[in-house]
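One-letter residues, chain by chain:
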Protein chains: 2
Amino acid sequence: VHTPTAADLGERALIERITARLTMPSWVVVGPGDDAAVIAPERGALDVLTTDAQVEGVHFDRRFVPPDAIGYRALAVNLSDLAAMGAAPRAALLSLALPETFEVEAIDRLLDGFLAVAGSYGVAVVGGNITTSPGPLVVDVTAVGSVRRRRVLTRAGARPGDAVYVTGSLGDAAIGLRLLQDPATRHTARGPAVERYLRPEPRLRAGMLLGRNRAATSCMDLSDGLADAVRQIAQASGVGVVLDAAQLPVSSAAREWHLEKGGDPVDTAMRGGDDYELVFTGRPSHRGRLNGVRHQLGDLPITRIGTVTREPGLHVDDHGNTRSLPEGYEHFR
Amino acid sequence: VHTPTAADLGERALIERITARLTMPSWVVVGPGDDAAVIAPERGALDVLTTDAQVEGVHFDRRFVPPDAIGYRALAVNLSDLAAMGAAPRAALLSLALPETFEVEAIDRLLDGFLAVAGSYGVAVVGGNITTSPGPLVVDVTAVGSVRRRRVLTRAGARPGDAVYVTGSLGDAAIGLRLLQDPATRHTARGPAVERYLRPEPRLRAGMLLGRNRAATSCMDLSDGLADAVRQIAQASGVGVVLDAAQLPVSSAAREWHLEKGGDPVDTAMRGGDDYELVFTGRPSHRGRLNGVRHQLGDLPITRIGTVTREPGLHVDDHGNTRSLPEGYEHFR
């Protein structure tokens, strides 16, 4: 039995198959199917633009990331970037480079995941592009959001004396990836760590509330890990940071994994990527604003994990011993 | 001597190398280097969004397309989509998936071409993404433009009795590609056909003038050839089209090539891709508006090439013999 592939269907039929599943809100003036999409900008707000590509063999491994999770992640990581700016998501463009042998069934599942995220966060899929790939599957997404001028969160506003905070917990995605990479556990691995690696939740509500309450002086998402994000904020703001290892909200999955396998859960929490939490800084005198955010957020914890310093170094205080902040993940390295 | 590659430089240094070359207009609130870019929308206008990927081995062959032309084309084809909507270009995002062995020198040249187009048309490069590619070079671009609501050009407005027009000339890019593909002519091929394949000019001014003068009922660019564009407009508008083969503005390079090599220049003009001219329809009673556009455009010719019909067929009248419009190019086929 031959399973239908992208090449069997052809470009136009693929586009029709995808666009048939889309619904457009009223502010989409021209949706998919024309040379470009036309949308009405949010009144009184700025446009926020971000793009992020997921490349097979670099960002995901098809042996253990199912197609729906590829689609889910591709949009979620872009929305996470909007969250880190304090923006509300509005629209997305989906650009696919598909191997000719990629199965139509897998395209449908990829769309399932992509549209699940779009539906959850009210994102209109207004356009995109399909081409063949002579190599890996590439899913490149552009997300468009909106934010009021005084509510924009950047990496550049941290000041000496600010507290450093992180949302949620750290290490789940790194442990989930390890469980999926190991052929011994790949087929039985379940639970929150695996789920958070495959289907990360962008912290959109947290980002918007931080911007709306003016509770953060800087903000960034954790795509490449906490150590990387703290380094980027410090560099953009011209400050240093001391993190308190004892305060890091290490996930229970990461604690359990390291109890069994050895190694340091704090290292996983600091260097593990893909958690897509937000790290941000806030003035100590604005604790009331932050408590307002906490109250409106409900279940998602916000944990103080360190302090911004005037001296430019990046350090971790681990039960009284101070060491340098580890390096984060970098492509090409 | 080892030539430095993308892998030698690493992600951060590559990003810094690129962003150091960018300049931001005042309406860019947050430029490259943060989680997302923030721009002020054009007052009173709609946002226009398009994305188009160039994949090595599919859209270009590095044996005969130099890096600066890869960058040039990557942005130009996106701006051509904005032109076809009647939009003014504003911003672009550049997403690169680079083989680890891709040379830093080639990245610089790719940027030369990309920034040459951006500079010509006043496009701010506000963000992007860099990742490794385990396969081909992928250059995925998102372009953002603006247009007033009553000036939007779509594919869907053609009505029976409208005239069909095309800008510029047809066939250059197809001949240019043939000259570059042939190892016998690759290294000596020069002139307008090769140049138009490598560095197509998006017809932005024509698109904006057509929208501003309300001179077109529908419009599309010729990325996949005239036959494809006419088919798309007819389908979106629910009409038929008869083209007059004798009126097609076949380029002199295409005429000369076919004189020497045989074959039908009209076929090249109809089926050849990559010319990035605009095809559009207009009411016969609006000929005055069109003449206004012609006057403001100056040198770029606008040629009447056919008529929109109530009957849904697509035909070519070739000196009294009527035949079906040929198929255009389709990916995966």
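Residues numbered from 1 in each chain as written. Chains lettered and ligands numbered in written order. Predicted model: local features only at pLDDT ≥ 70, side-chain atom pairs only at ≥ 80, totals over all residues. Heavy atoms only, no water.

1. Thoughts on the relation of the copies chain A and chain B
Note on the identical chains: chain A maps onto chain B by a rotation of 180° and an axial translation of 0.0 Å, with an RMSD of 0.0 Å. On this basis, the relationship between the two copies can be described by a two-fold rotation axis. Nearest to the rotation axis, the C-alpha of Gly135 of chain A is located 2.5 Å from it, this being the minimum over chain A. Taken as a fraction of all interface residues of chain A, those also at the interface in chain B reach 100%, which identifies the copy contact as same-surface. (Least-squares fit on C-alpha atoms with pLDDT ≥ 70 in both. Contact = heavy atoms within 4.5 Å.)

2. Side note on the sheet that holds strand E11 (residues 302–309) of chain B
All names here are of chain B. The strand order E8-E10-E7-E11-E9-E12-E13 describes an open sheet built from 7 strands, whose pairing is mixed. Since the sheet does not close on itself, it has two edges, and those belong to strand E8 (218–221) and strand E13 (321–324), each with one partner. Each adjacent strand pair in this sheet contributes to an overall mean axis angle of 25°, direction not counted. Here 4 bridges tie strand E7 (residues 163–167) to strand E10 (residues 278–282), and the two strands are oriented antiparallel to one another. (Pairing = 2+ DSSP bridges. Helix = DSSP H or I, 4+ residues; strand = E, 2+ residues; numbered from the N terminus. Axes fitted to C-alpha atoms, helices over the stretch in contact; angles between N-to-C directions.)

3. Some details on the environment of Asp317 of chain B
Residues and elements named next belong to chain B. Following the sequence through the fold, Asp317 ends up in strand E12 (residues 314–318). When the C-alpha atoms of Asp317 and Arg190 are compared, they prove to be 34 Å apart, with 127 residues separating the residues in sequence. With residues up to four places along the chain from it excluded, the contact list for Asp317 reads Val242, Leu243, Asp244, Ala245 and Thr322.

4. Let's talk about the packing of aromatic side chains
Residues and elements named next belong to chain A. Enumeration over the complete set of coordinates arrives at 2 aromatic pairs over all chains. Measuring from ring centre to ring centre gives 5.2 Å for Tyr165 and Phe280, while their planes differ by 20°; the resulting arrangement is stacked. Of this pair, Tyr165 sits in strand E7 (residues 163–167) while Phe280 sits in strand E10 (residues 278–282), placing them 115 residues apart in sequence. The class of Tyr165 is buried, set by a relative accessible area of 4%. A relative accessible area of 0% means that Phe280 is categorised as buried. Cation over ring: Arg73 sits above Tyr197, and NZ or CZ is 4.6 Å from the ring centre. (Phe/Tyr/Trp six-rings, centres within 6.5 Å; stacked < 30°, edge-to-face > 60°. Buried < 20%, exposed > 50% of the residue type's maximum accessible area, 1.4 Å probe, protein only. Lys NZ or Arg CZ within 6 Å of the ring centre and 35° of its normal.)

5. Digging into the sheet that holds strand E6 (residues 138–147) of chain B
Taken together, the 6 strands give an open sheet; going across it, the order is E1(A)-E2(A)-E3(B)-E6(B)-E4(B)-E5(B), and neighbouring strands pair in mixed fashion. Edge positions in the sheet fall to strand E1 (28–30) of chain A together with strand E5 (124–132) of chain B, since each of these pairs with one other strand and no more. The mean inter-strand angle of the sheet, taken between neighbouring strand axes irrespective of direction, is 20°. Pairing of strand E4 (residues 88–98) of chain B with E5 of chain B involves 8 bridges; the strand directions are parallel. Residue pairing for E5 of chain B: Ala92 of chain B is matched across the bridge by Val125 of chain B. Helix-sheet contacts for helix H2 (residues 11–19) of chain B involve E4 and E5 of chain B, and the interaxial angle to E5 of chain B is about 160°.

6. Remarks on the interface of chain A and chain B
Taken together, the 71 residues of chain A in the interface contact 71 residues of chain B. Roughly 5,500 Å² is buried in total at the junction of chain A and chain B, and carbon and sulfur atoms are behind 57% of that figure. If you look at where chain A meets chain B, you find 6 salt bridges. Remark: the boundary between chain A and chain B carries 19 residue pairs in polar contact (both at pLDDT 80 or more). When residues in the side of chain A that touches chain B are grouped by element, the largest group, 9 residues, is from strand E3 (residues 46–55) of chain A. (Buried area = accessible area lost by both parts, 1.4 Å probe. Salt bridge = Lys/Arg side-chain N within 4 Å of Asp/Glu carboxyl O. Polar contact = N/O pair within 3.5 Å; in protein donor to acceptor, adjacent residues only side chain to side chain.)

7. Quick word on the nonpolar core
Ranked by size, the top nonpolar core spans 104 residues in total, and within it Leu98, Val139, Leu226, Leu243, Leu248 and Val279 of chain A carry the most contacts. For this core, the element with the highest residue contribution is helix H3 (residues 67–84) of chain A, accounting for 10 residues. Formed by 70 residues, the second largest nonpolar core is a distinct cluster that contains Ala84, Ala92, Leu137 and Leu297 of chain B. (Core = buried A, V, L, I, M, F, W, Y, C linked by side-chain atoms within 4.5 Å.)

8. Some words on the side chain of Thr50 of chain A
Tracing the chain through its elements places Thr50 of chain A in strand E3. At a separation of 3.5 Å, a polar atom in the side chain of Thr50 of chain A contacts the side chain of Asp81 of chain A. Not counting the four nearest positions on each side in its chain, Thr50 of chain A is found in contact with Asn78, Asp81, Leu82, Val141, Thr142 and Ala143 of chain A together with Asp35, Ala36 and Leu93 of chain B.

9. Details of the environment of Thr132 of chain B
Take Thr132 of chain B: it is sitting in strand E5. For the pair formed by Thr132 of chain B and Ser237 of chain B, sequence separation is 105 residues and the distance between their alpha carbons is 42 Å.

10. Description of the packing of helix H7 (residues 204–212) of chain A against helix H11 (residues 287–297) of chain A
All names here are of chain A. At their nearest, the axes of H7 and H11 sit 10 Å apart, and the two run at 150° to each other. Between H7 and H11 lies a crossing whose hand is right-handed. Taken together, the residues of H11 that come into contact with H7 (itself represented by Arg205, Ala206, Leu209 and Leu210) are Leu290, Val293, Gln296 and Leu297. Residue composition of the contact of H7 with H11, by class: 6 nonpolar, 1 polar and 1 charged. (Left-handed = near helix turned anticlockwise from the far one by under 90°. Nonpolar A, V, L, I, M, F, W, Y, C, P; charged D, E, K, R; others polar.)

11. Remarks on helix H4 (residues 104–121) of chain A
Residue and element names in this part refer to chain A. The terminal C-alpha atoms of H4 lie 26 Å apart, and with 18 residues this matches the ideal 26 Å at 1.5 Å per residue to within 8%. Residues Val104, Ala106, Ile107, Asp108, Leu110, Leu111, Gly113, Phe114, Leu115, Val117 and Ala118 constitute the buried set of H4. Those residues of H4 hidden inside the fold are in contact with helix H1 (6–9), helix H2 (11–19), H3, strand E4 (88–98), strand E5 (124–132) and strand E6 (138–147). Once H4 finishes, Gly122 follows within two positions and takes phi at roughly 65°, a positive value. (Expected span 1.5 Å × (residues − 1).)

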